[in-house]
Amino acid sequence: MTVQNAYQSAVAAGTLNSDDAQIAVLPELERVRTALATPVKRGLFRKAPPPVPGLYMWGGVGRGKSMLMDLLYDQVDVPKRRRHFHAFMQWVHSEMTEARKQGVDDAIAPVAAKLADEVRFLAFDEMQITDITDAMIVGRLFEALFAAGVVVVTTSNRPPDDLYKNGLNRQLFTPFIALIKERMVVHELVSDTDYRQDRLAGKQSYFTPNDDAAREAINEIWDHLSNGKSESLVLHVKGREVELPGYHNGTARAKFYDLCGRFLGAADYLALADAVRVLILEDIPALSRSNFNEAKRFVTLVDALYEGKVQLICSAAAEPEMLYLEGEGTFEFERTASRLREMQSADWGT
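Residues numbered from 1 in each chain as written. Predicted model: local features only at pLDDT ≥ 70, side-chain atom pairs only at ≥ 80, totals over all residues. Heavy atoms only, no water.

- The chain appears in an unreviewed UniProt entry as Cell division protein ZapE from Yoonia maritima.

Now the structure itself:
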């Protein structure tokens, strides 16, 4: 089935709304599908076929980029892999560690060779570079993948020129931006509609107390946003790992102690706010001097989510103004309570 037919079928079934911006990118997706459906003819005296240009699809959050990539992915019948970009880089680091144990001088080469041997199509969700180590790896890795004929389609919230913007030693990263423009079609998805925001519009986002009713409501929202799909996502920040136990298509789910019960700080929470557009945070306890450190981290987390315009859906022991009633930090928490209230508003994040 063509990508256009798959899209029209979803619209006819009522699972999608027809969107002109989405329709405009369907020919590019179909171009990739058709190219991948064509057998690669190789022979002793036959020239290697020209590489198939990939696709770099970028635009605002909730515009349907991941949905469109999944639509293509489902129609492609070649060895393939789809991963969130952070999860992919986590896998790359793990494979490079194993390669170094074998005594190789260049750990990137065997990882690229393994990928090229296993897949012909790679789909990445939400490409973004926030770590200097990743910035130094992706250029050489993708160059090897492209040379091996692997076709890459990726989504991002930012254009290629804004990747790793203001990053350390960014001048070493800019050749990768040039490589993207050379080997991939860059397409901006321009739409005024934020479908993720629409799915949450008018819905309760703060549940108290932490009881069975709150858990049931949270589960319903998660099922609605994740479409029954979930994977864990690990962010690497300055040598630390920030794990989000549940993740799908820009929405993450975690318990309070997953994020505030560990030795994490502002850099970790800023990376989280950059990686997700919706965070479901469960089981926020009453805060006091007995869990002062966790409370401080929660304040920092809320600040990062607030500045990043991340939609927060949470369950808590009490209303925001009643969460932190005694102990050092109660005065400072007034701002956090105010932000938690503001983040419940219908137009938050727009």
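1. Thoughts on the overall build of the chain
Phase 1 of the analysis: Along its length, the chain carries 13 helices and 11 strands.
Phase 2 of the analysis: Radius of gyration (C-alpha) of the chain: 22 Å, near the 20 Å computed for a compact globule of 350 residues.
Phase 3 of the analysis: If you line up the chain on its principal axes, its C-alpha atoms span 80 × 55 × 35 Å.
Phase 4 of the analysis: For the chain, with 350 residues in total, the buried portion stands at 49%.
Phase 5 of the analysis: Roughly 16,500 Å² of accessible area belongs to the chain as shown, and the carbon and sulfur atoms make up 50% of that amount.
Phase 6 of the analysis: Across the chain, 40 positive and 49 negative side-chain charges occur, with their mean positions spaced 6 Å apart. (Helix = DSSP H or I, 4+ residues; strand = E, 2+ residues; numbered from the N terminus. Rg over C-alpha atoms; globule rule 2.2 N^0.38 Å. Buried < 20%, exposed > 50% of the residue type's maximum accessible area, 1.4 Å probe, protein only. Areas by Shrake-Rupley, 256 points an atom, 1.4 Å probe, with all protein chains shown as cover. Lys, Arg positive; Asp, Glu negative; His and termini not counted. Charge placed at Lys NZ, Arg CZ, Asp CG, Glu CD.)

2. So, the state of the cysteines
Throughout this description, disulfide means a covalent bond between two cysteine sulfur atoms.
Phase 1 of the analysis: Per the stated rule, a full pass over the model turns up 0 disulfides.
Phase 2 of the analysis: Between Cys 260, a free cysteine, and Cys 314, which holds the nearest cysteine sulfur, the sulfur-to-sulfur gap is 11 Å.
Phase 3 of the analysis: Of the residues examined, Cys 260 reaches a relative accessible area of 0% and is grouped as buried. (Disulfide = S-S within 2.5 Å.)

3. Observations regarding the domain arrangement of the chain
Phase 1 of the analysis: Each domain of the chain was delimited in the assignment, giving domain 1 (3-188) and domain 2 (196-343).
Phase 2 of the analysis: Distance from the C-alpha centre of domain 1 to the C-alpha centre of domain 2: 30 Å.
Phase 3 of the analysis: Taken together, the 15 residues of domain 1 in the interface contact 13 residues of domain 2.
Phase 4 of the analysis: Between domain 1 and domain 2, a total of about 1,300 Å² is buried, with carbon and sulfur atoms accounting for 43% of that surface.
Phase 5 of the analysis: The largest contributions to the domain 1 side of the interface with domain 2 come from His 84, His 86 and Gln 90, which together make up 31% of the buried area.
Phase 6 of the analysis: Run the count over domain 1 and domain 2 and you get 2 salt bridges. (Domains from an automatic or database assignment. Contact = heavy atoms within 4.5 Å. Buried area = accessible area lost by both parts, 1.4 Å probe. Salt bridge = Lys/Arg side-chain N within 4 Å of Asp/Glu carboxyl O.)

4. Points about the side chain of Ser 315
Phase 1 of the analysis: Within the secondary structure, Ser 315 sits in strand β11 (residues 311-316).
Phase 2 of the analysis: Apart from the residues lying within four places of it in its own chain, the contact partners of Ser 315 are Phe 207, Asn 210, Ala 214, Ile 218, Leu 281, Glu 282, Asp 283 and Ile 284.

5. Observations regarding helix α13 (residues 330-342)
Phase 1 of the analysis: Relative to the 18 Å expected for 13 residues at 1.5 Å per residue, α13 spans 19 Å between its end C-alpha atoms, a close match to the ideal helical length.
Phase 2 of the analysis: Taken as a whole, α13 has its buried residues at Phe 333, Thr 336, Ala 337, Arg 339 and Leu 340. Along the long axis of α13, the arc covered by the buried residues comes to 160°, so they all point the same way. Exposed positions of α13 whose direction lies more than 90 degrees from the buried face are Phe 331 and Glu 334. (Expected span 1.5 Å × (residues − 1). Arc of directions from axis to C-beta.)

6. A short note on the sheet that holds strand β2 (residues 80-84)
Phase 1 of the analysis: Pairing is parallel across the open sheet formed by 5 strands, whose spatial order is β2-β3-β4-β1-β5. Each having just a single partner strand, β2 and β5 (184-188) make up the two edges of the open sheet. Taking each pair of neighbouring strands and ignoring which way they run, the sheet shows an average axis angle of 10°.
Phase 2 of the analysis: Relative to β5, strand β1 (residues 54-58) runs parallel, the two being bridged by 5 bridges. Residue pairing across strands places Met 57 opposite His 187, the latter belonging to β5. (Pairing = 2+ DSSP bridges. Axes fitted to C-alpha atoms, helices over the stretch in contact; angles between N-to-C directions.)

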